[in-house]
Amino acid sequence: LYDKCSYTTLDRGWVLGINNVSDQGNRDPRYFFSLKTDRARKVTTITDHHSYLPNQWVHLAITYDGRLMKMYVNGAQVAASREQVGNIFSPLTLKCKVLMLGGNALHQNYRGYVEHFSLWRTIRSQKEILMDMTLVAHEVDVPLPQLVFQETLLNVKSNWLPMKDSPRLPLTEFTSHSGYLLDTSLEPPLCGQTVCDNVEVITSYNRIPTFRHRKVVRYRVVNIYDDHHRNPTISQQQIEFQHRQLNEAFSPYNISWEIEVLEINDSSLRDRLILANCEISKIGDESCDPECNHTLTGFDGGDCRHVRQLSFNKKKQNGVCDMDCNSENAEPWLQEGHSDVDDDCTNSFTPNQVARMHCYLDLVYQSWQHIKKPAPIAITPQIVDRTETSVTLEWFPPIDRHFFEREVGSSCELCGEERILVQYASSASSPMPCDPSGHWSPRGAEGQPQVTDLDKGHPDVEQPCKPDVRTWTPNSAVIKQTVPPACPEPQGCYLQLQFQYPVIPESLTIWVTYVSPEWDSKEAINDIKLLMVSGENISLGPQNFFCDIPMTIRLDMEKMKDEVRGIQIYTLDEQLEIDAAMITSVPQSSQCKKCQPIHYKVSRNPPFQKGPSFLISDLSRTFVDT
């Protein structure tokens with residue numbers, strides 16, 4: 001809500017939206033409420049205490065009583081301020097008020113959905129806001145005298161006008177809710193955690209023996225020889241010994257190992273040491289970088305020498321197997337168990353460790369196994385309705401997101417509820433390389449990796465907003481101090497990504513995880529093109545983004561008459577980095593129509609009168625026990 005009559009400033013009024021709070025300009029986006037009254041000299045802005053979560057519905061409420069401004073997220077007060085005092089508009093400017101939805105007076109637009117909007121004459125208390133939120137959730141419109149108006153956006157054309165620079169009104173979509181009574185929205189794991197850190201999930205793996213059934217884990221050893229197939233990195237005897245030790249250590253816990261040895265003859269690669277993420281600029285920067293802490297770098301140019309010696313001296317022969325001193329370091333839960341000093345580590349595990357191992361194999365590293373059996377649903381079913389003669393149970397969807405029976409070479413493992421196909425890019429190329437040094441690396445953004453087929457192509461950058469070697473970037477030169485070649489104008493450098501299955505898309509999600517400080521996030525990506533099966537290209541134009549939040553673009557269904565096979569992403573920023581891209585099809589995708597839903601077996605104690613169990617063979621995830 002702003003004052004359109006003021007020619008000197010466009011910030012008088014209030015704004016509710018999403019913006020970054022970081023000085024870098026393209027990270028940490030949060031919900032914000034800004035306000036400037038008629039006599040105030042500057043704007044006051046209050047923000048949520050953490051970044052917003054994309055692709056989730058949220059109820060926002062703001063209040064101002066002439067002295068105190070507040071903001072609520074899902075009914076909880078998250079911020080307040082007393083900096084502003086008095087009326088927002090003077091009597092002379094009351095007729096200058098303009099209400100904008102989906103953007104502001106500075107032509108900054110909102111990308112997302114708005115389902116309900118209410119404007120009140122009086123201050124709403126937190127209790128009233130919670131009540132309003134409940135009524136909106138149940139789609140109940142209650143006319144009250146305190147309401148200025150209540151907008152459900154069902155008839156946009158009669159109540160709203162497009163801005164002058166907008167060719168048409170925003171699209172209106174009629175969304176249907178699933179009809180499930182159970183709240184299946186799991187909180188995303190904290191940074192550094194997985195679904196196996198969920199207490200209820202790991203409790204189920206501890207309590208239910210069938211969750212810990214026998215599993216065969218496949219792994220690959222890449223053994224590098226010189227050009228004459230001599231001097232291997234590791235001998236065949238060592239490989240066989242390690243494989244035997246793995247099976248002996250884990251077989252008592254229903255885990256066995258299947259090995260594949262890949263031999264490569266390359267003298268140059270055999271003599272090379274690769275320190276992942278250790279950039280030259282990090283060496284000797286007066287900060288100990290663990291990724292550069294190696295003898296070949298002089299312990300990070302001396303930065304880690306004191307830290308390393310002090311740490312190792314404390315840990316050596318201290319009666320504890322420390323991973324820093326263990327030459328056979330692996331995943332924390334995969335430690336086979338011996339150090340170079342003493343046989344301090346054990347090859348036995350506690351019940352909770354065993355439960356976590358099986359949970360990881362089922363829900364985190366599903367592709368490590370050659371199985372088609374669905375992963376268990378590790379959260380207890382809940383009673384969602386009951387009568388005098390019946391009880392209705394509903395259960396969570398599969399945490400691994402596999403809703404259909406999986407077949408080798410089939411797209412069914414990529415299909416979700418409503419038969420929506422979700423896939424990451426499967427191949428990448430850059431026909432217009434910008435770096436003549438030969439270090440061009442478009443494959444970092446692929447859904448399939450270069451050496452191993454055990455990854456699923458999800459975003460894998462550990463620290464968004466910082467440079468990372470697992471991304472695509474136009475300037476992938478090793479020496480950062482050199483002046484990078486400029487991307488050719490006007491289009492710039494571009495990355496072309498192909499998807500395995502052409503689909504009619506509903507949305508496109510791109511992880512842009514870094515942009516150089518010289519570039520504004522609104523200008524770094526100057527175009528995205530959809531490559532259609534028919535040969536036509538559709539330009540989406542420039543896109544704004546945040547480096548720590550994926551960018552999801554909802555596509556115009558009226559234009560999507562043909563299937564999309566790939567995309568091209570254009571940039572003039574030589575240091576911009578792209579981690580991954582994902583395309584989501586419209587419901588009832590042709591690639592998912594023939595997929596058979598997984599079956600659920602419902603049993604109880606005492607047993608059912610009509611048999612030991614019931615088989616549910618649809619996607620309802622509900623059962624009525626009468």
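Right, let's walk through the structure included here. Given the structure is predicted, the values throughout are model-derived calculations rather than measurements. (Residues numbered from 1 in each chain as written. Predicted model: local features only at pLDDT ≥ 70, side-chain atom pairs only at ≥ 80, totals over all residues. Heavy atoms only, no water.)

### Description of the pattern of salt bridges
Inference 1: Per the counting criterion, the structure on display carries 12 salt bridges.
Inference 2: Among the salt bridges present, the one from Asp-362 reaches Lys-215, with a minimum N-O distance of 3.7 Å. With Asp-362 in helix 8 (residues 351–364) and Lys-215 in strand 11 (residues 215–225), this residue pair connects regions lying 147 residues apart in the sequence.
Inference 3: Taken together, the salt bridges that share partners define one network made up of Asp-3, Arg-12 and Asp-38. (Salt bridge = Lys/Arg side-chain N within 4 Å of Asp/Glu carboxyl O. Helix = DSSP H or I, 4+ residues; strand = E, 2+ residues; numbered from the N terminus.)

### Things to note about the sheet that holds strand 14 (residues 391–394)
Inference 1: Strand order in the open sheet made by the three strands is 13-14-26, with antiparallel pairing throughout. The open sheet is flanked by strand 13 (382–386) and strand 26 (622–625), the only strands paired with a single partner. Averaged over all neighbouring strand pairs, the angle between strand axes comes to 25°, with direction disregarded.
Inference 2: Examined bridge by bridge, strand 14 and strand 26 share four bridges and lie antiparallel to one another. Among the inter-strand pairings, Glu-394 is bridged to a residue of strand 26, identified as Thr-622. (Pairing = 2+ DSSP bridges. Axes fitted to C-alpha atoms, helices over the stretch in contact; angles between N-to-C directions.)

### Re the sheet that holds strand 7 (residues 76–81)
Inference 1: Strand order in this open sheet of three strands is 5-6-7, and the pairing throughout is antiparallel. At either margin of the open sheet sits one strand with a lone partner, and together these are strand 5 (60–64) and strand 7. With strand direction ignored, the average angle separating the axes of adjacent strands in the sheet is 20°.
Inference 2: As paired strands, strand 6 (residues 69–73) and strand 7 are joined by five bridges and run antiparallel to one another. Its bridge partner lying in strand 7, Tyr-72 is registered against Gln-77.

### Focus: the nonpolar core
Note on soluble globular proteins: their nonpolar side chains tend to be buried together.
Inference 1: In this structure, Ile-510, Leu-530 and Ile-567 are the most contacted members of the largest nonpolar core, which totals 37 residues.
Inference 2: Of the residues forming this core, the biggest block, five residues, is contributed by strand 17 (residues 493–503).
Inference 3: When sequence neighbours within four positions are dropped, the list of residues in contact with Ile-567 reads Leu-495, Gln-496, Leu-497, Phe-499, Leu-508, Ile-510, Lys-529, Leu-530, Leu-531 and Ala-581.
Inference 4: Formed by 17 residues, the second largest nonpolar core is a distinct cluster that contains Leu-1, Val-73, Phe-89 and Phe-546. (Core = buried A, V, L, I, M, F, W, Y, C linked by side-chain atoms within 4.5 Å. Buried < 20%, exposed > 50% of the residue type's maximum accessible area, 1.4 Å probe, protein only. Contact = heavy atoms within 4.5 Å.)

### Examining the packing of helix 3 (residues 199–207) against helix 8
Inference 1: Two elements in contact, helix 3 and helix 8, have axes whose closest approach is 9 Å; the angle formed by their N-to-C orientations is 110°. Put simply, helix 3 runs roughly perpendicular to helix 8. Note that helix 3 runs across helix 8; the crossing there is right-handed. Between helix 3 and helix 8, the residues in contact are Val-201, Ile-202, Tyr-205 and Asn-206 and Pro-351, Asn-352, Ala-355, Arg-356, His-358, Cys-359, Asp-362 and Leu-363, respectively.
Inference 2: Class assignment for the residues of the contact of helix 3 with helix 8 results in seven nonpolar, three polar and two charged. (Parallel < 35°, antiparallel > 145°, perpendicular 65-115°, else oblique. Left-handed = near helix turned anticlockwise from the far one by under 90°. Nonpolar A, V, L, I, M, F, W, Y, C, P; charged D, E, K, R; others polar.)

### Quick word on helix 8
Inference 1: For helix 8, with 14 residues, the first-to-last C-alpha span of 19 Å sits near the 20 Å given by 1.5 Å per residue.
Inference 2: Within helix 8 the residues assigned to the buried category are Val-354, Ala-355, Met-357, His-358, Cys-359, Tyr-360, Leu-361, Asp-362 and Leu-363.
Inference 3: Contacts from the buried residues of helix 8 go to helix 3, strand 11, helix 4 (236–250) and strand 12 (255–265). (Expected span 1.5 Å × (residues − 1).)

### Digging into the layout of surface pockets
Inference 1: By volume, the second largest pocket amounts to about 1200 Å³.
Inference 2: What lines the second largest pocket is a set of 38 residues, and nearest its centre among them are Phe-211, Pro-376, Ile-377, Tyr-600 and Lys-601.
Inference 3: For the lining of the second largest pocket, the secondary structure elements donating two or more residues are helix 3, helix 8, strand 14, strand 24 (600–608) and strand 26.
Inference 4: Ranked by residue count, the leading element in the lining of the second largest pocket is strand 24, at six residues.
Inference 5: The residue makeup of the lining of the second largest pocket, split by class, is 20 nonpolar, eight polar and 10 charged.
Inference 6: Residues lining the lining of the second largest pocket come from more than one domain, with at least three contributed by each of domain 2 (191–307 + 347–368) and domain 3 (382–403 + 597–625). (1 Å grid on protein atoms, 1.4 Å probe; cavity = no way out; pocket = protein on both sides within 12 Å on 5 of 7 lines; lining within 4 Å. Points joined across faces, edges and corners; volume = space filled by probe spheres on them. Domains from an automatic or database assignment.)

### Some words on a nonpolar patch on the surface
Inference 1: Together, Leu-101, Tyr-110 and Val-114 give the surface a local cluster of nonpolar side chains, amounting to about 230 Å² of exposed area.
Inference 2: Its relative accessible area of 32% is what places Leu-101 among the partly exposed residues. (Patch = residues over 30% accessible without salt bridge, like charges linked within 9 Å, V, L, I, M, F, W, Y side chains within 5 Å. Areas by Shrake-Rupley, 256 points an atom, 1.4 Å probe, with all protein chains shown as cover.)

### Some points on unusual backbone geometry
Inference 1: With an omega dihedral of 10°, the bond running from Asn-605 to Pro-606 counts as a cis peptide bond.
Inference 2: One non-glycine residue with positive phi stands out, namely Arg-621, at about 60°.
Inference 3: Residue position: Arg-621 is located in the loop between strand 25 (611–616) and strand 26.

### Here's the deal with helix 3
Inference 1: Turning to helix 3, its buried residues number three or more, namely Val-201, Ile-202, Ser-204 and Tyr-205. Projected onto a plane normal to the axis of helix 3, the buried residues spread over an arc of 150° and lie on a single side. Exposed and oriented more than 90 degrees from the buried face of helix 3 are Val-199 and Arg-207.
Inference 2: Each element contacted by the buried residues of helix 3 is listed here: helix 8.
Inference 3: At the N-terminal end of helix 3, a side-chain oxygen is found 2.9 Å from the backbone nitrogen of Glu-200, two or three residues along, and the residue is Asn-198. (Arc of directions from axis to C-beta. Polar contact = N/O pair within 3.5 Å; in protein donor to acceptor, adjacent residues only side chain to side chain.)

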